[in-house]
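Analysis of the macromolecular model
Residue strings, one per chain:
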Amino acid sequence: MNSQPRHFAPLARLLHWLMALLIIAMLFIGAGMVASVSARHEWLIHLHKPLGIAILLLVLVRLWVRFYTRQPPLPADLPGWQVLAAKASHVLLYALMLSLPLLGWGMISAAGDPVMLGSSLQLPAILPANAQLFAVLRKAHGYLAYLLFFTVLLHLAAALFHGWVRRDGVLQSMLRGRG
């Protein structure tokens, strides 16, 4: 009997696809926020903040699931540089999923604004109000959002490469739980 799983655990798959949807939505919402000075801008901000905190909480759960469940191995014939690229890109994705919400929270705190999640739930500030710090965090948040966008595109391209070109089961391990 093969002791290595062929597919990711159901909770890992659920978190992967839920977070994929949330992150793609966040990237579009963020792009819409910086491109708009209309009344829509305020609405997008009020949508962006709770989604960011949801992503932060979900990535913590996802990390726990990743460390406490077994993942299917990469194909044995995968070239070493691709194994390294896969591992490095996953570390980068997790780092960005953790750092971007924290940077956003810190940025709002440094702006001296309340970190509101809806009309009645206010998170504590994690940094003191400081205009210079706000400017640095705002730039960092923007640059890292672009890095996340490009990393997600690379991740998607790699998944499609495994599913359509190599046909080695890597994509299937995240799509289905059986077979």
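Residues numbered from 1 in each chain as written. Predicted model: local features only at pLDDT ≥ 70, side-chain atom pairs only at ≥ 80, totals over all residues. Heavy atoms only, no water.

As named in an unreviewed UniProt entry, the chain is Cytochrome b561 family protein, taken from Pseudomonas protegens. In its Subcellular location (unreviewed entry) section, the UniProt entry covering the chain states "Cell membrane". In its Cofactor (unreviewed entry) section, UniProt records this for the chain: "heme b". (UniProt positions renumbered as here; feature names shortened; annotations may be inferred.)

On to the overall build of the chain, then. The helix and strand inventory of the chain stands at five helices and two strands. Secondary structure elements of the chain, listed N to C terminal, follow the sequence α-α-α-β-β-α-α. The buried share of the chain, reckoned over its 179 residues, is 35%. Sequence separation of at least 24 residues holds for 71% of the intrachain contacts in the chain that already meet a minimum separation of 6. (Helix = DSSP H or I, 4+ residues; strand = E, 2+ residues; numbered from the N terminus. Buried < 20%, exposed > 50% of the residue type's maximum accessible area, 1.4 Å probe, protein only. Contact = heavy atoms within 4.5 Å.)

To continue, consider the layout of surface pockets. Size it by volume and the second largest pocket reaches roughly 1,100 Å³. What lines the second largest pocket is a set of 36 residues, among which Gly-30, Met-33, Val-34, His-48 and His-141 lie closest to the centre. Among the secondary structure elements, those contributing two or more residues to the lining of the second largest pocket are helix H1 (10-34), helix H2 (39-68), helix H3 (80-110) and helix H4 (131-166). Ranked by residues supplied to the lining of the second largest pocket, first place goes to H4 with 10 residues. Among the residues forming the lining of the second largest pocket, the class breakdown is 25 nonpolar, seven polar and four charged. (1 Å grid on protein atoms, 1.4 Å probe; cavity = no way out; pocket = protein on both sides within 12 Å on 5 of 7 lines; lining within 4 Å. Points joined across faces, edges and corners; volume = space filled by probe spheres on them. Nonpolar A, V, L, I, M, F, W, Y, C, P; charged D, E, K, R; others polar.)

Moving on, we get to a nonpolar patch on the surface. The grouping of Tyr-143, Tyr-146, Phe-149, Phe-150 and Leu-153 at the surface amounts to a nonpolar patch, some 580 Å² of accessible area in total. Locating Phe-150 in the fold gives a position in helix H4. (Patch = residues over 30% accessible without salt bridge, like charges linked within 9 Å, V, L, I, M, F, W, Y side chains within 5 Å. Areas by Shrake-Rupley, 256 points an atom, 1.4 Å probe, with all protein chains shown as cover. Salt bridge = Lys/Arg side-chain N within 4 Å of Asp/Glu carboxyl O.)

On to the pattern of salt bridges. Evaluation of the coordinates by the stated rule reveals two salt bridges. Arg-166 is the salt-bridge partner of Asp-77, the closest N and O atoms lying 2.7 Å from each other. Of this pair, Asp-77 sits in the loop between H2 and H3 while Arg-166 sits in helix H4, and the two are 89 residues apart along the sequence. Note that Arg-166 and Asp-168 form a salt bridge whose closest N and O atoms lie 2.6 Å from each other. Among the residues examined, Asp-168 registers a relative accessible area of 22% and is labelled partly exposed. Via salt bridges that share partners, Asp-77, Arg-166 and Asp-168 belong to a single interconnected network.

This paragraph deals with the nonpolar core. Core analysis: the biggest nonpolar cluster contains 25 residues, and Met-19, Ile-23, Ile-55, Met-97 and Leu-148 have the highest contact counts within it. Elements with a contribution of two residues or more to this core: H1, H2 and H3. Apart from residues lying up to four places away in sequence, Ile-55 is in contact with Met-19, Leu-22, Ile-23, Met-26, Met-97 and Pro-101. Core analysis: the next-biggest nonpolar cluster, separate from the first, contains seven residues, Ile-53, Trp-105, Ile-108 and Leu-117 among them. (Core = buried A, V, L, I, M, F, W, Y, C linked by side-chain atoms within 4.5 Å.)

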